[in-house]
Amino acid sequence: LIDNSAKAVKKINNTKYLSVVATNQPVVAKGFCTMEEVKNIHKKIETLLGKSGAKLDRIYFCPHHPDIGFPGEDPDYKIKCSCRKPNTAMIKKAKKELNIDLENSYLVGDMTADIQAAKNANIASVAVRSGHGLSDKKYNVCPDIWADDLYNAVNIITGIEKYKKVFNIIYTKIKDGTNPPFTAAIGGIARSGKSTFAFFLKKYLKQKGCSTLMIDMDDWIIPAGKRKKSQDVIDRFRVDQFEKDLNDILEGKTIELKKYDPLSRKNDGTKTYSLKGSHAAIITGGPALNSNVVNRIAGFKIFMEIRKDTYKERFYKFYRWKKLDEENINKLYNQRLIDELPIILSMKDRADLQLSGEEE
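Bear in mind the structure is a predicted one, so any value in this text is a computation, not a measurement. Numbering of residues starts from 1 in every chain and runs along the sequence as written. Side-chain atom pairs in this predicted model are given and counted only at pLDDT of 80 or more, local residue features only at pLDDT of at least 70, and totals for whole chains, interfaces and linings cover all residues. Remark: hydrogens and water are excluded; side-chain values derive from all non-hydrogen atoms of the structure.

1. Digging into the overall build of the protein
Now for step 1: Helix and strand content of the protein: 13 helices and 12 strands.
Now for step 2: Using C-alpha atoms as the atom set, the radius of gyration is obtained and then compared with a globule rule of 2.2 Å times the number of residues to the power 0.38. Relative to the globule expectation of 21 Å for 360 residues, the C-alpha radius of gyration of the protein, 22 Å, shows essentially globular dimensions.
Now for step 3: In terms of its C-alpha atoms, the protein occupies a principal-axis envelope of roughly 65 × 50 × 40 Å.
Now for step 4: Out of the 360 residues in the protein, the part that is buried amounts to 48%.
Now for step 5: Taking the intrachain contacts of the protein between residues at least 6 apart in sequence as the baseline, contacts between residues at least 24 apart amount to 68%.
Now for step 6: Total accessible area on the protein is roughly 18500 Å²; 49% of this is exposed by carbon and sulfur atoms. Secondary structure elements are taken from DSSP: a helix is a run of H or I of four residues or more, a strand is a run of E of two residues or more, and numbering for both begins at the N terminus. Buried residues are those whose accessible area, probed at 1.4 Å on protein chains only, stays under 20% of the maximum for their type, while exposed residues exceed 50% and partly exposed ones sit between those limits. Whether two residues are in contact is decided by their heavy atoms, any of which lying within 4.5 Å being enough. Surface exposure here means Shrake-Rupley accessible area, sampled with a 1.4 Å probe, where a residue is shielded only by the protein chains that are shown.

Encoded structure:
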């Protein structure tokens with residue numbers, strides 16, 4: 001088993017959530033394994049989990065694969081099916097058989113097909129940087145949440161209860177506001193959980209009947225290959241351009257820009273921002289509270305923080321996922337201690353509320 005995966009499943013078992021596996025197993029169609037062998041592999045997984053006091057509530061798998069040309073392939077399984085992810089038959093079957101509330105469930109995966117399946121089934125998606133870490137690029141998708149691994153994902157999902165009071169404060173401000181759309185800003189140091197908090201806030205507001213526009217300052221970051229060594233975090237985020245575009249968005253204009261891909265550190269595809277039909281806007285970004293425009297228009301400002309040792313641990317995991325070697329990660333970390341961390345921390349007092357992004 002992958003490190004901490006049994007620990008993750010055991011933690012799920014002790015919550016209101018079920019632990020369900022939905023997996024593509026094209027090895028059957030390709031002739032690498034028989035159906036019986038795949039079932040035995042799954043039995044072995046359940047045995048190993050059981051030794052750690054963990055259990056899966058159900059395993060669903062798709063044995064099909066549409067492409068032909070594999071030596072020893074099984075023609076009975078060489079079909080286009082409705083169960084192979086990103087199709088949703090396995091998810092629908094789990095929903096029916098286990099009476100699952102998909103609106104309050106999460107699909108955790110490391111392949112783009114997993115994230116696309118979640119979107120096709122209207123279920124929240126969590127991408128893990130372990131395993132493939134969405135490096136396959138088969139589908140152009142963006143997960144709702146990122147996590148380091150399955151255990152981290154479970155901690156994020158089960159730990160959100162601690163923020164419910166804050167969510168309710170913001171909802172009350174939206175409900176009582178006279179000049180919509182209401183704007184909330186979430187700043188703080190890198191890897192402190194800003195985007196995760198924003199996602200759960202949006203989810204909470206949706207359940208209350210409030211639609212929101214998420215504005216991610218990462219989409220204004222200069223791609224890594226075009227940055228200058230003299231640029232600090234404010235310059236890298238192109239805060240001046242962000243403020244201009246933010247004003248246009250708030251005035252009802254539609255803005256289209258190149259989307260920033262954190263894995264490649266390049267611009268990849270486009271992203272459109274429009275407030276049409278939204279009750280609120282949620283702005284996230286490290287230097288969000290440095291922006292004069294944000295500080296002027298935000299009805300509630302939050303600063304997310306973590307301990308320095310947590311910051312370092314998460315920083316190294318993040319850049320290892322990006323395939324940087326240890327020497328370059330060291331250099332980048334030491335650079336961020338000079339040109340980013342002090343600048344971001346100096347904005348803390350501008351927030352209405354400071355929150356910890358530490359896992360419990």
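2. Considering the pattern of salt bridges
Now for step 1: Whenever Lys or Arg places a side-chain nitrogen within 4 Å of a carboxyl oxygen from Asp or Glu, that contact is recorded as a salt bridge. Counted under the stated rule, the structure contains 20 salt bridges.
Now for step 2: Between D148 and R129 there is a salt bridge, and its shortest N-O distance comes to 3.3 Å. With D148 in the loop between strand 5 (145-147) and helix 5 (150-158) and R129 in the loop between strand 4 (124-128) and strand 5, the pair connects residues that are 19 residues apart, well separated along the chain.
Now for step 3: When its relative accessible area of 17% is taken as the criterion, D148 is described as buried.
Now for step 4: Classification of R129 by relative accessible area gives buried; the value is 15%.
Now for step 5: A salt bridge links K271 to D219; its shortest N-O distance comes to 3.0 Å.

3. Let's talk about the side chain of T183
Now for step 1: Checked against the element boundaries, T183 lands in strand 6 (residues 182-188).
Now for step 2: The contact partners of T183, leaving out residues within four places of it in the chain, are L250, A281, I283, I297, A298, G299 and F300.

4. So, the sheet that holds strand 5
Now for step 1: Across the sheet, which stays open at both edges, the three strands sit in the order 3-4-5 with parallel pairing between neighbours. The open sheet has two edge strands with one neighbour each: strand 3 (106-109) and strand 5. Each strand of the sheet is rotated relative to its neighbour by a mean of 25 degrees, with strand direction disregarded.
Now for step 2: Sheet topology places strand 4 next to strand 5; three bridges connect them, and they run parallel. Along strand 5, the bridge assignment pairs A127 with W146.
Now for step 3: Note on geometry: axes are lines fitted to C-alpha atoms, helical ones only across the stretch in contact, with angles between N-to-C directions running from 0 to 180 degrees. Together, strand 3 and strand 4 form the strand contacts of helix 4 (residues 112-120), whose direction differs from that of strand 4 by roughly 170 degrees. Pairing between strands is defined by DSSP: at least two bridges between the two strands are required.

5. Focus: the sheet that holds strand 12 (residues 353-356)
Now for step 1: Judged by pairing direction, the sheet is parallel, and its five strands sit side by side in the order 7-10-6-11-12 without closing on themselves. Sheet topology places strand 7 (212-216) and strand 12 at the edges, where each strand pairs with a single neighbour. The average angle at which neighbouring strand axes cross in this sheet is 20 degrees, direction not considered.
Now for step 2: Relative to strand 11 (residues 300-305), strand 6 runs parallel, the two sharing five bridges. Its bridge partner lying in strand 11, I186 is registered against I302.
Now for step 3: Its contacts with the sheet place helix 6 (residues 164-176) against strand 6, strand 10 (280-284), strand 11 and strand 12, and it is angled at close to 160 degrees to strand 11.
Now for step 4: Across the sheet, helix 7 (residues 194-207) lies against strand 6, strand 7, strand 10, strand 11 and strand 12, angled at about 170 degrees from strand 10, the strand it touches most.

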